[in-house]
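# Chain and residue survey
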Amino acid sequence: MKQFPLGELADIKIKTLNPAQYPNEIFSLFSIPAYDSGVPEIIKGQNIKSSKTIIHDGDILISKLNPRIPRVWLVKKRNDFRQICSTEFIPFHIKKNFNMDSEYLSWMLLAPQFMKHLQDMVKSSTKSHQRVRPHEIAELLIPYPPIDEQHRIVSRIKECMERVDEIETLRTESEKEEAGAFLKSFYHELYEELVVTYPTGKLSDTGMATGGGTPSKKRSDFWNGNIPWVSPKEMKQRDIFNTSLSISEKAVEGSSVKLIEHPSVLFVVRGMILSHTFPVAVNRVPVTINQDMKAITTNKNIQVDYLAAMLRGAEQRLLSRIEVAGHGTKRLQTQHWASLPIPMIDVEKQNNIISRVEEVQEIADNLLNDIKSKEINLIRQSILRKAFAGEL
């Protein structure tokens, strides 16, 4: 089979720009975190602090950072925003005179045979910042079979990967249920233990409560700003840093929405999710919330993470107070959440509780991280190894 250096098959296309020069333009930013999450970040130019590389449909991005963690991405247009990537990625684009399937090449670059070559050419003194050089990647030999064979290989890889994804999904659901049940039990026992051990006060006495709202959708200047707007669907995470929708300062000034200081405790008071779960999160940046939620900015003698832990532990009590509003929607009336007993302990004890919670949370997180187990990854690597060794 013919082989060509990657640099002959594809051009290295590095054209940088400074997004800060386009403060109001929306970019689709592909970074290392974006690769790990699988979702590019939609962000305004004014919020991007360094120069980036312009990328286009069909580009193949190869990370030069820490090649022991393979990162290869085939760029596909997802929206109307200009696409850019971190300078830690090297963009390649297949030359027109080569009849090569871009998906074939992107899978090839993830194959263990190729990744081993990258790992062997590391140029750094520290393990955490190992890098490879663009010209070295360009020298790597790539198998170049007929286009029909490329299509067949891609088809077989996708078929096998879909089955692996099914296995991982089933495993993920099982592990999430286990981790979720473990955490709920821990928080419940912790809360009930503290309630009977220490004097209690009302939740409403722990800080200032703030409601939310929805700015007019007819006002385009109210949306796509830089202030996160939290709705119940965003409350699947413990810590809120950003949201799928954001509003502008004009929206805060011209609507019922209020800016929530950080950190505060956020929780849901209306919605069908209250039929089985009481979502609680902490905003780590200033945010706004919609009308189905409440926020408590705590007093100086109440630690935010302590209060969040207490609300998670009180889930069963709070769910027992849920009522049905119009159209069958679930709601938690103010008097029912405001009167919830909160153990009043000194700050030092609260910090001890927080440390205890973090230790248990780490155990649960490790359990979830094990979803992407060595066994699953080894199966994927085996598929790619066989595909490009002519065994698939």
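In what follows, the structure referred to is the one given above.
Residues numbered from 1 in each chain as written. Predicted model: local features only at pLDDT ≥ 70, side-chain atom pairs only at ≥ 80, totals over all residues. Heavy atoms only, no water.

When you line up the elements, Phe 98 lands in the loop between strand E10 (89-94) and helix H3 (102-110). Linking Phe 98 and Pro 19, residues 79 residues apart in sequence, is a C-alpha distance of 33 Å. Apart from the residues lying within four places of it in its own chain, the contact partners of Phe 98 are Phe 4, Glu 8, Leu 9 and Tyr 144. (Helix = DSSP H or I, 4+ residues; strand = E, 2+ residues; numbered from the N terminus. Contact = heavy atoms within 4.5 Å.)

It is worth spelling out the pattern of salt bridges at this point. Per the stated rule, a full pass over the model turns up 15 salt bridges. Linking Glu 25 and Arg 82 is a salt bridge whose minimum nitrogen-to-oxygen distance equals 3.0 Å. Of the two residues, Glu 25 sits in the loop between strand E3 (16-17) and strand E4 (26-30) while Arg 82 sits in strand E9 (residues 82-85), which places them 57 residues apart along the sequence. On the basis of relative accessible area, Arg 82 is assigned to the partly exposed category, the value being 29%. (Salt bridge = Lys/Arg side-chain N within 4 Å of Asp/Glu carboxyl O. Buried < 20%, exposed > 50% of the residue type's maximum accessible area, 1.4 Å probe, protein only.)

This part takes up H3. Three or more residues of H3 are buried, namely Tyr 104, Leu 105, Ser 106, Met 108 and Leu 109. Here H3 starts with a cap whose side-chain oxygen sits 2.7 Å from the backbone nitrogen of Glu 103, and that cap is Asp 101. (Polar contact = N/O pair within 3.5 Å; in protein donor to acceptor, adjacent residues only side chain to side chain.)

On to the side chain of Ser 86, then. With respect to the helices and strands, the residue Ser 86 is situated in the loop between E9 and E10. Polar side-chain contacts of Ser 86 include one of 3.0 Å to the backbone nitrogen of Glu 88. Setting aside its immediate chain neighbours within four residues, Ser 86 contacts Leu 29, Phe 30, Ser 31, Lys 52 and Thr 53.

Another aspect to go through is the packing of aromatic side chains. This model, assessed by the stated rule, comprises eleven aromatic pairs. Relative to Trp 73, the ring of Phe 30 lies with its centre 4.8 Å away and its plane at 45°, an arrangement referred to as tilted. Taken together, the residues Phe 30 in strand E4 and Trp 73 in strand E8 (residues 72-74) connect sequence positions 43 residues apart. A relative accessible area of 3% places Phe 30 in the buried class. Classification of Trp 73 as buried rests on a relative accessible area of 18%. Taking 5.8 Å as the distance between ring centres and 40° as the angle between the ring planes, the aromatic pair formed by Phe 267 and Phe 278 counts as tilted. In this pair, Phe 267 is assigned in strand E17 (residues 264-268) and Phe 278 in the loop between E17 and strand E18 (280-283), connecting sequence segments eleven residues apart. One aromatic cluster is present, built from ring pairs that chain together Phe 30, Tyr 35, Trp 73 and Phe 89. Looking at Arg 82, its charged tip hangs above the ring of Tyr 22, at a distance of 5.0 Å from the centre. (Phe/Tyr/Trp six-rings, centres within 6.5 Å; stacked < 30°, edge-to-face > 60°. Lys NZ or Arg CZ within 6 Å of the ring centre and 35° of its normal.)

In this section: the side chain of Arg 71. Mapped onto the fold, Arg 71 is located in the loop between strand E7 (60-63) and E8. Once residues lying within four places of it in the same chain are set aside, the contact partners of Arg 71 are Ile 32, Tyr 35, Asp 36, Leu 61, Ile 62, Ser 63, Leu 65, Asn 66 and Phe 89.

A word on the environment of Val 304. As for its placement among the helices and strands, Val 304 is situated in helix H8 (residues 304-313). Between the alpha carbons of Val 304 and Gln 350 there is a distance of 9.6 Å; along the sequence they are 46 residues apart. Beyond its immediate stretch of four places on either side in the chain, Val 304 contacts Pro 263, Ser 264, Val 265, Val 282 and Thr 298.

This next bit is on the sheet that holds strand E5 (residues 41-44). The strand order across the open sheet built from five strands is E3-E6-E9-E4-E5, with neighbouring strands paired in mixed fashion. The sheet terminates laterally at E3 and E5, the two strands that pair on one side only. Bridge count for E4 against E5 is four bridges, and the pairing is antiparallel. Across the sheet, residue Phe 27 finds its bridge partner in E5, namely Ile 43. (Pairing = 2+ DSSP bridges.)

To continue, consider the nonpolar core. In this structure, Leu 266, Leu 311 and Trp 337 are the most contacted members of the largest nonpolar core, which totals 49 residues. Elements supplying a minimum of two residues to this core: helix H6 (147-197), E17, E18, strand E20 (293-298), H8, helix H10 (334-338) and helix H11 (347-369). Here Leu 311 is in contact with Leu 203, Val 265, Phe 267, Phe 278, Val 280, Leu 318 and Leu 340, once residues within four sequence places are set aside. In terms of nonpolar packing, the next biggest core, distinct from the first, is built from 38 residues, Leu 6, Tyr 104, Leu 109 and Met 115 among them. (Core = buried A, V, L, I, M, F, W, Y, C linked by side-chain atoms within 4.5 Å.)

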